[in-house]
Amino acid sequence: MSGFLESLMGRLRVRVWLCVLMLIANFFLVYGAIQFFNHGKSSVMYTLGLTGSIILALVLAFPNTEAVTAPEMQDPNLRD
Amino acid sequence: MGKGQEEFSAELSKEVAQLEAINSKPFFGKLAGYAKFMGPASMEAATTLGAGSFTAAVMMGASNGYSMLWVPFYSYLFGLFMLHLGAKFAIYRRDSVIEMQNTYHTKVVGSFATGLVACFLAMVVFSFGQYALGTDALASGLKLIHIDFPRKYNWSLILAISAGLSLLYGKSHKLVRLVEKSMQVMIGIMLVTFLAVVLKTGVNFGAMIKGLLVPTLPRGVEGITMAVAGLTAAMGVGDWVQYHYAAKTRNYTPAHEGLSIFDTVFGGLVPVTLVLSFIGIAFAETFSGKSGIPEKAVDLANALVVVLPSVWVKVGFYLGIIAIVVSTMVGMSILAAQSLCHALNLPEDPKKFYWKLGLLLPQLGFLGAFFGKPLWAVIIAAALQSLFNWLSGFSWYLLANDSRAMGKHVVKHYLVNLGIIVSVVALNLAFITFVLTEMGV
């Protein structure tokens, strides 16, 4: 999972793209909840948002276990 | 190296040597050893325990009885994951979190969203409410012992103590520890005085345990809104940043990692939960389920004092509120100065004009003694926070998992990352709820 999360998709890591997806899932969750509970509309968007948010949280929680950047490439502000 | 810096290095080396010895002790030996080095979490806890959290505890206790005691507890519990990150960033980076965000996620996220919006602006604007509450408590408390010191004058006492203490911060290792100890003393005053109040109002232990540990939420949108408010109530981006800078000011090293966990639990979670629970319980016992109770927190506080039997407990209650306000003003002033420096890429130097300006700008809140809170400014600051705090949240999570920024010190535990993600999702939900509410959805 770490390899997948740290792989590049375009210029960004998959972890970053999944954060964007999380924002969208959270939007579905809140908007869907308002539509379902306050306006009596379908619960599909709410269910999708809630399920998506939970799955994404469980995926994004996987830590980064990839090999550490070579010392000469490391940020000089990093302390060991 | 100047004399001050030499002293600072010597003190730090001594502290690190002592902590290394403590870290190798068994569990209970560690706990006893860490206690004397606590501090950064007290800076954060004393700021969290402000007029806002006091008002929320009063209102929730009076309206919902014991059922909402879980809010500050769970909010702080999830916040611990972010404080852990704040300590990691302080320990393993030479720069601070705002500079890290500027480097990896642009200045919009670092200097603007975290430094200026979540910290500096919030500290300046939310100080008015502190003075409004503090001056009222000071005048009412002194009136009980027949001393007339009205609000139009007594703000100067709060200003003198809080500005005086905050101006000492950062000047030397000893003065940093002195300010931290002062915050601990003020938290101690809150604990003692509010416990005395609870002993007079009474407590239902069964209801307290249930209210503290079992979260109850209404179904639907109201439940989501309440959960979001609950998770962000006691702990926000400003609190994470404050703890980070407090740890940075103490020059935290890898030897401080165990201490930071102990400090955030026993210097942060425990006192914050206890103080806010005592307040909630006192108001739940006195007002919950009764009709015709006052609608404002200040009126509720004054009504509670009327039913307290002893004049010294009454005075103690007001003293607790004054400790809340003074310690929050100290913490807010220091965070305003630190965030201003780092947002503008200026070195933290207590001798510089801009540091003193950053420290003293929140003290403009003294005007709250005359005019109360400027609602328009509070609404703008809260709206900006709702709009931008989620950016800071994602940025903290991504930096913690970025090996370019943290090397081998990236977050290693699944559950820690999960806790961080839950805190970030709470900020997202606050942002989306705010936008949708403003759009009238």
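Above this text is the structure in question.
Just so you know, these numbers come straight off a predicted model, no measurement behind them. (Residues numbered from 1 in each chain as written. Chains lettered and ligands numbered in written order. Predicted model: local features only at pLDDT ≥ 70, side-chain atom pairs only at ≥ 80, totals over all residues. Heavy atoms only, no water.)

Side note on the overall build of chain B
Looking only at helices and strands, chain B features 20 helices and zero strands. Computed over C-alpha atoms, the radius of gyration of chain B comes to 21 Å, within 12% of the 22 Å expected from 2.2 N^0.38 for 441 residues, which places it in the range of a compact globule. Seen along its three principal axes, the alpha-carbon backbone of chain B occupies a region of about 60 × 50 × 50 Å. Residues counted as buried form 59% of the 441 residues belonging to chain B. Contacts spanning at least 24 positions in sequence make up 81% of the contacts within chain B whose residues lie at least 6 apart. Counting only carbon and sulfur atoms, one obtains 69% of the accessible surface of chain B, whose full area is about 17,300 Å². Seen as two clouds, the 31 positive and the 22 negative side-chain charges of chain B have centres 3 Å apart. (Helix = DSSP H or I, 4+ residues; strand = E, 2+ residues; numbered from the N terminus. Rg over C-alpha atoms; globule rule 2.2 N^0.38 Å. Buried < 20%, exposed > 50% of the residue type's maximum accessible area, 1.4 Å probe, protein only. Contact = heavy atoms within 4.5 Å. Areas by Shrake-Rupley, 256 points an atom, 1.4 Å probe, with all protein chains shown as cover. Lys, Arg positive; Asp, Glu negative; His and termini not counted. Charge placed at Lys NZ, Arg CZ, Asp CG, Glu CD.)

Observations regarding the overall build of chain A
Helix and strand counts for chain A stand at three helices and two strands. Summarising its shape, the C-alpha atoms of chain A cover approximately 60 × 25 × 25 Å along the three principal directions. Residue pairs at least 24 apart in sequence account for 52% of intrachain contacts in chain A once pairs closer than 6 positions are excluded. In chain A, 5 positive and 5 negative side-chain charges are present, and the distance between their average locations comes to 16 Å.

Considering a positive patch on the surface
Together, Lys171(B), Lys351(B), Lys352(B) and Lys356(B) make up a region of like positive charge exposed at the surface. Mapped onto the elements, Lys351(B) comes out in the loop between helix 15 (311-343) and helix 16 (353-360). (Patch = residues over 30% accessible without salt bridge, like charges linked within 9 Å, V, L, I, M, F, W, Y side chains within 5 Å. Salt bridge = Lys/Arg side-chain N within 4 Å of Asp/Glu carboxyl O.)

With respect to the pattern of salt bridges
Residue and element names in this part refer to chain B. One pass over the structure, following the stated rule, counts nine salt bridges over all chains. Where Glu15 meets Arg250, a salt bridge forms, and the shortest distance between an N and an O atom there is 3.2 Å. Of the two residues, Glu15 sits in helix 1 (residues 3-23) while Arg250 sits in the loop between helix 12 (237-249) and helix 13 (257-287), which places them 235 residues apart along the sequence. Residue Arg250 is classed as buried on the basis of its relative accessible area of 0%. The partner of Asp95 in a salt bridge is Arg93, and the shortest N-O contact between them spans 2.9 Å. The burial state of Asp95 is the same as that of Arg93; both residues are buried.

Focus: the nonpolar core
Residue and element names in this part refer to chain B. Counting residues in hydrophobic clusters, the biggest one holds 156 residues, and the most contacted among them are Phe54, Phe89, Phe194, Ile279, Phe283 and Phe317. If one sorts the elements of this core by residue count, helix 15 sits on top with 18 residues. Aside from chain neighbours lying at most four places away, what touches Phe89 is Asp95, Val97, Met100, His244, Lys248, Trp396, Leu399, Ala400 and Met406. (Core = buried A, V, L, I, M, F, W, Y, C linked by side-chain atoms within 4.5 Å.)

Quick word on the interface of chain B and chain A
One frequently used descriptor of interface size is the decrease in accessible area upon assembly of the parts. Between chain B and chain A, the contact holds 42 residues from the first and 36 residues from the second. In total, about 3,300 Å² of surface goes out of reach between chain B and chain A, with carbon and sulfur atoms giving 65% of it. By the criterion of area lost to chain A, the three top residues of chain B are Arg94(B), Val221(B) and Tyr414(B), representing 17% of everything that side buries. Between the two partners, chain B and chain A, sit two salt bridges. In this structure, Asp402(B) and Arg13(A) form a salt bridge, with 3.7 Å as the shortest nitrogen-oxygen distance. Applying the counting criterion to the chain B and chain A interface returns 17 residue pairs in polar contact (both at pLDDT 80 or more). Mapped onto the side of chain B that touches chain A, the elements with two or more residues apiece are helix 5 (70-92), helix 11 (221-233), helix 18 (375-400), helix 19 (403-406) and helix 20 (414-438) of chain B. (Buried area = accessible area lost by both parts, 1.4 Å probe. Polar contact = N/O pair within 3.5 Å; in protein donor to acceptor, adjacent residues only side chain to side chain.)

A closer look at empty space enclosed by the protein
Residues and elements named next belong to chain B. Under the criterion given, the structure shown has two cavities of 30 Å³ or more. Put simply, the second largest cavity is a space of about 30 Å³. The wall of the second largest cavity is formed by Leu133, Asp136, Ala137, Val298, Ala301, Asn302, Tyr318 and Ile321. At the level of secondary structure, the elements contributing two or more residues to the lining of the second largest cavity comprise helix 7 (127-144), helix 14 (297-307) and helix 15. (1 Å grid on protein atoms, 1.4 Å probe; cavity = no way out; pocket = protein on both sides within 12 Å on 5 of 7 lines; lining within 4 Å. Points joined across faces, edges and corners; volume = space filled by probe spheres on them.)

As for unusual backbone geometry
In the Ramachandran plot, His146(B) falls in the positive-phi region, its phi being about 60 degrees despite a non-glycine side chain. With relative accessibility at 75%, the residue His146(B) sits in the exposed group.

A short note on the side chain of Ser423(B)
Positionally, Ser423(B) belongs in helix 20. In contact with Ser423(B), other than residues within four places in its own chain, are Phe78(B) and Met82(B).

Regarding the packing of helix 18 of chain B against helix 20 of chain B
Residue and element names in this part refer to chain B. Relative to each other, helix 18 and helix 20 sit at 155 degrees, their axes nearing to 8 Å. Regarding the angle of helix 18 to helix 20, the classification is roughly antiparallel. Once helix 18 is placed against helix 20, the crossing between them reads as left-handed. For the pair helix 18 and helix 20, the contacting residues are Ala383, Ser386, Leu387, Asn389, Trp390, Gly393, Phe394 and Tyr397 in the first and Asn417, Ile420, Ile421, Val424, Leu427, Asn428, Ala430, Phe431, Phe434 and Val435 in the second. When the residues that make up the contact of helix 18 with helix 20 are grouped by side-chain class, the tally is 13 nonpolar, five polar and no charged. (Axes fitted to C-alpha atoms, helices over the stretch in contact; angles between N-to-C directions. Parallel < 35°, antiparallel > 145°, perpendicular 65-115°, else oblique. Left-handed = near helix turned anticlockwise from the far one by under 90°. Nonpolar A, V, L, I, M, F, W, Y, C, P; charged D, E, K, R; others polar.)

What to know about the environment of Val313(B)
Within the secondary structure layout, Val313(B) lies in helix 15. In this structure Val313(B) touches Ala196(B), Val197(B), Lys200(B) and Leu308(B), once residues within four positions along its chain are discounted.

A look at the environment of Val425(B)
Mapped onto the fold, Val425(B) is located in helix 20. Looking at Val425(B), the relative accessible area reads 14%, which means it is buried. Residues Val425(B) and Tyr34(B), 391 residues apart in the sequence, show an inter-C-alpha distance of 33 Å. Beyond its immediate sequence surroundings of up to four residues, Val425(B) is in contact with Met22(A) and Asn26(A).

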